[in-house]
Amino acid sequence: MTEATSFDAVVIGAGFSGMYMLHRLRGLGLTARLYEAGGGVGGTWYWNRYPGARCDVESVEYCYSFSEELQRDWDWTERYPSQPEILRYAEHVADRFDLRRDMRFRTRVTRAAYDEAAARWRVETDRGDRVTARFVITAVGCLSDARIPGFPGAESFRGESYHTGRWPHEEVELAGKRVAVIGTGSSGIQVIPVLAELAAEVTVFQRTPNYTIPAWNRPLQPEYARWVKDNYADIRRRMRDSLFGIAASFNTGSALEASEQELREELEARWAHGGPGFLGAFADTAVDPRANELVAEFVREKIRQTVEDPRVAELLSPRDHPIGTKRPCFDTDYYATFNRPNVRLVDVRRTPIEEITAAGPRTAEATYEVDVIVYATGYDALTGALLAIDVTGAGGAALREKWAAGPRTYLGLMTAGFPNLFTITGPGSPSVLSNMFVSIEQHVDWIADCLRHLAESGATVIEADADAEDAWMRHVGEIAAATLFPRANSWYLGANIPGKPRVFMPYAGGVGTYRAACDEIAAKGYEGFVMSR
Ligand code: NA7
């Protein structure tokens, strides 16, 4: 039998968004082909296999809600799920809904071109596939384009080197080795304590210290898991209506108005509970620098209490950005790890890495001889994976050109001039500021409803209106400007990629408000979108 080359939809990516999209497309009776660059399902969790890789959202909340049976049947084992467990979950979902038969693995989409006359997309892959589809739906992830800074001499290093987001699938032998870790974002903060246990010596190259809150991971208590399952309807509703897609309560009170004792009690209680809820202690910390500083100083005090060497404690203490303005980190024993005799901290803000020699990283002060370099240096976030595909829309216009000064979308879901192209968790949506599952399900459901609406109304093409897009972009910018977010050099702003335009890309108004906006637009007959036959 020859393979089909014409589909209703092509989906790009077999992470949690692509998997659910495929499932919904089938439910609509549409034909679909899904291409995935990796060798299996799971997206982020297929690639991020570094020791200690774990989700920062509680397991019972970091999972699908669309299937009552699935959420009842699946049992998580820890408060925060580890990468292997999340990958098992992804594989279970793929099996359970028989998703793999429409997926092609180890196949990267290289090009997607819209043919206006035919009103179809022509999609090409690095394995020579040439297919057409009415719709292209990108499910490429927001943090999937791994980046290693261009250190001179990197290729001359005689040891092994790995990016955390491209960790080998085979066991990496670390016992007895000297390891360098470059980067102290979420990935660095997770991998460093585990490497310190496994390796002979760990040298951490830190450019910017980060605030990290203890996760207090532990086995999931069966009574709690049962309680969650019995109350899922209510918990899911709270998550969907929230700011960040998690059920933890976020206070509306002010840190500035709290007494010293109230402030301390609230922060101590949230610290003792651990996880993302810590940042929900006081609402004004997101918008008022003085309120923010009170919480930031509380964390610095914890660092000083934990880290024995005051010089190291000071180096680990963030002072250049308000707390919560970079992606918050959650850890297991991160600060205490710096008390170990086999761990040292190098301040590469003061003395940057000038090159990687055959022996290891070299700064102006020293060459650090190591056997392994771990690059925990992050991603070209939000746009990297999308723009890696050569996408051309109506009139042959290139997405890379349209987005040269920063991404432009309507609701993060579509971009004007690119008919029938949907971007799940695209820039301009709250996705990266949220529990991804909440954003993913909302986007996929919205797109599926939109496709049904098109079919019912007899339209075949939908496109974002340029004016609606401009207005949405202004709104996204205004909301960001009212917060402290723009004060940090974060990947939310593209600041980690040399030459990337500095634009705050996510929608910071919260997933609940965003969902209401998307629903209202749909209810008004997809206001701001243009449909045609
Ligand atoms: P991040 O959060 O982008 O962190 C990257 C880290 O690498 C960060 O500490 C950077 O320092 C550091 N970095 C980047 N380039 C360099 C150079 N040239 N020299 C020294 N240090 C450097 O990526 P993660 O993988 O940790 O986290 C990504 C997301 O994955 C995370 O937010 C979760 O959503 C999951 P900088 O701060 O730029 O000074």
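Within every chain, residues take consecutive numbers counted from 1 along the sequence as written. Where local features are concerned, this predicted model is filtered to residues with pLDDT of at least 70; where side-chain atom pairs are given and counted, the filter is 80 or more; whole-chain, interface and lining totals use all residues.

The protein goes by NAD(P)/FAD-dependent oxidoreductase in an unreviewed UniProt entry, where it is assigned to Nonomuraea monospora. UniProt positions are given in the numbering used here, feature names are shortened, and annotations may be inferred rather than shown by experiment. What the UniProt record of the protein gives under Sequence similarities (unreviewed entry) is the line "Belongs to the FAD-binding monooxygenase family." UniProt, in its Cofactor (unreviewed entry) section for the protein, records the words "FAD".

## Focus on the overall build of the protein
A helix here means a DSSP run of H or I that spans at least four residues, while a strand means a run of E at least two residues long, and both kinds are numbered starting from the N terminus. Regarding its fold elements, the protein presents 16 helices and 19 strands. Summarising its shape, the C-alpha atoms of the protein cover approximately 70 × 55 × 45 Å along the three principal directions.

## Details of the site of the ligand
In this analysis a residue is considered near a molecule or strand if the C-beta atom, reconstructed from its backbone, is found within 6 Å of that molecule or strand. Taken together, 22 residues surround the ligand, and among them Gly183, Gly185, Ser187, Arg327 and Gly378 come closest. Top element by residues in the shell around the ligand is helix 5 (residues 186–198). It accounts for three residues. In this document the domain limits rely on a domain assignment from an automatic tool or a database. Each of two domains, domain 1 (6–145 + 381–525) and domain 2 (154–375), supplies a minimum of three residues to the shell around the ligand.

## Section: the sheet that holds strand 9 (residues 201–206)
In this analysis, strands are considered paired if DSSP registers two or more bridges between them. On the basis of which strands lie adjacent, the open sheet formed by five strands has the order 7-15-8-9-12 and parallel pairing. What marks the edges here is a single partner per strand, and that holds for strand 7 (160–163) and strand 12 (343–347). Each strand of the sheet is rotated relative to its neighbour by a mean of 20°, with strand direction disregarded. Here strand 9 pairs with strand 12 via five bridges, running parallel. By the bridge assignment, Val202 is partnered in strand 12 with Val343. Every axis corresponds to a line fitted to the C-alpha atoms, with the helix fit spanning only the stretch in contact, and the corresponding angles, defined between N-to-C directions, vary from 0 to 180 degrees.

## Structural notes on the nonpolar core
Defined on buried residues, the nonpolar core groups Ala, Val, Leu, Ile, Met, Phe, Trp, Tyr and Cys residues joined through C-beta atoms within 7 Å. Here a residue counts as buried when 20 or more other C-beta atoms sit within 10 Å of its C-beta, as exposed when there are 12 or fewer, and as partly exposed otherwise, the C-beta atoms being derived from the backbone. By size, the foremost hydrophobic cluster in this structure holds 155 residues, and its most contacted members are Val10, Val11, Ile137, Val179, Val181 and Val295. Among the domains, domain 1 (6–145 + 381–525) and domain 2 (154–375) are the pair contributing at least three residues each to this core. Each residue gets a C-beta atom placed from its backbone, and two residues are in contact if those atoms lie within 7 Å. Leave out the neighbours within four places in its chain, and Val295 touches Ala255, Leu267, Ala281, Phe282, Thr285 and Ile323.

## Brief notes about the domain arrangement of the protein
When its domains are assigned, the protein resolves into domain 1 (6–145 + 381–525) and domain 2 (154–375). Spacing between the C-alpha centres of domain 1 and domain 2 amounts to 27 Å. Contact with domain 1, which involves 39 residues of that partner, is made by 43 residues of domain 2. For the side of domain 1 that touches domain 2, the secondary structure elements donating two or more residues are helix 3 (68–73), helix 14 (436–457) and helix 16 (511–523). The dominant element in the side of domain 1 that touches domain 2, judged by the number of residues it contributes, is helix 16, at three residues. Each residue is assigned to one class: nonpolar for Ala, Val, Leu, Ile, Met, Phe, Trp, Tyr, Cys and Pro, charged for Asp, Glu, Lys and Arg, and polar for all the others, Gly among them. Taken together, the residues of the side of domain 1 that touches domain 2 break down into 15 nonpolar, 13 polar and 11 charged.

## Considering unusual backbone geometry
Of note, Arg106 is a non-glycine position whose phi angle comes to about 50°, a positive value. For Arg106, the location among the structural elements is in the loop between strand 3 (103–104) and strand 4 (109–115). Taking the C-beta count within 10 Å as the criterion, Arg106 has 13 such neighbours and is therefore assigned partly exposed. One non-glycine residue, Leu382, adopts positive backbone phi at about 70°.

## Some points on the pairing of strand 5 (residues 120–125)
Pairing between strand 4 and strand 5: six bridges, direction antiparallel. Directly across from Ala113, in strand 5, lies its bridge partner Arg122. Taking the residues between adjacent antiparallel strands as the criterion, strand 4 and strand 5 are bridged by four residues, where Ala119 takes a positive phi near 55°. One ladder, built from four bridges, connects strand 5 with strand 6 (residues 130–138); its direction is antiparallel. For Val123, the partnering residue across the bridge sits in strand 6 and is Val131. As consecutive antiparallel partners, strand 5 and strand 6 are separated by four residues, and within that stretch Gly128 has a phi angle of approximately 90°, a positive value.

## Details of the environment of Thr415
Within the secondary structure, Thr415 is located in the loop between helix 13 (399–402) and strand 17 (421–423). Through-space distance from the C-alpha of Thr415 to that of Asp519 is 18 Å; in sequence the pair is 104 residues apart. If we skip the residues at most four places from it in the chain, Thr415 touches Lys402, Arg408, Thr409, Ala464 and Glu469.

## Things to note about the environment of Asn496
By secondary structure assignment, the location of Asn496 is in the loop between helix 15 (466–481) and helix 16. Note: C-alpha distance between Asn496 and Arg362 (134 residues apart in sequence) is 21 Å.

## Details of the packing of helix 14 against helix 16
Relative orientation of the contacting elements helix 14 and helix 16 amounts to 0°, with a least axis distance of 11 Å. Classified by the interaxial angle, the pair formed by helix 14 and helix 16 is roughly parallel. On the side of helix 14, the interface is formed by Val438, Ser439, Gln442, Trp446, Asp449 and Cys450, while helix 16 contributes Val511, Arg515, Cys518 and Ala522. The residue inventory of the contact of helix 14 with helix 16, partitioned by class, reads six nonpolar, two polar and two charged. Should an angle lie under 35 degrees it is considered roughly parallel, over 145 roughly antiparallel, and from 65 to 115 roughly perpendicular; all remaining angles are considered oblique.

## Looking at the packing of helix 1 (residues 16–27) against helix 14
Across the interface, helix 1 lies against helix 14 with an axial gap of 9 Å and an inter-helix angle of 30°. Between helix 1 and helix 14, the angle falls in the class roughly parallel. The handedness of the crossing between helix 1 and helix 14 comes out as right-handed. Where helix 1 abuts helix 14, its residues Phe16, Ser17, Tyr20, Met21 and Arg24 lie against Met436, Phe437, Ile440, Glu441, His443, Val444 and Ala448. Classifying every residue of the contact of helix 1 with helix 14 gives eight nonpolar, two polar and two charged. By convention the crossing between two helices is left-handed if the near helix lies anticlockwise of the far one by an angle smaller than a right angle, and right-handed if it lies clockwise.

## Observations concerning the pairing of strand 2 (residues 32–35)
Successive residues of a regular strand alternate their side chains across the two faces of the sheet. Residues of strand 2 alternate between two faces, with Ala32 and Leu34 on one and Arg33 and Tyr35 on the opposite face, all of them buried. Here four bridges tie strand 1 (residues 6–12) to strand 2, and the two strands are oriented parallel to one another. Opposite Ile12, over in strand 2, you have Tyr35 as the bridge partner. Handedness is read with the strands pointing away from the viewer; a crossover is right-handed when the path from the first strand over the helix to the second is clockwise. Read as a crossover between parallel neighbours, the route from strand 1 over helix 1 to strand 2 is right-handed.

## Considerations on helix 5
Because the α-helix completes a turn every 3.6 residues, residues three or four places apart line up on one side. By definition here, a helix of n residues has an expected span of 1.5 Å times n minus one. Here helix 5 spans 19 Å end to end across 13 residues, near enough to the 18 Å set by a 1.5 Å rise per residue. Burial analysis of helix 5 places 10 of its 13 residues in the buried class, the great majority of the element. Within helix 5 the residues assigned to the buried category are Ser186, Ser187, Gly188, Ile189, Gln190, Val191, Ile192, Pro193, Leu195 and Ala196.

## Focus: the environment of Gly277
When you line up the elements, Gly277 lands in the loop between helix 8 (260–273) and helix 9 (289–306). Separated by 205 residues in the primary sequence, Gly277 and Arg72 place their C-alpha atoms 25 Å from one another. Contacts of Gly277, omitting those with residues within four sequence positions, involve Ala248 and Arg270.

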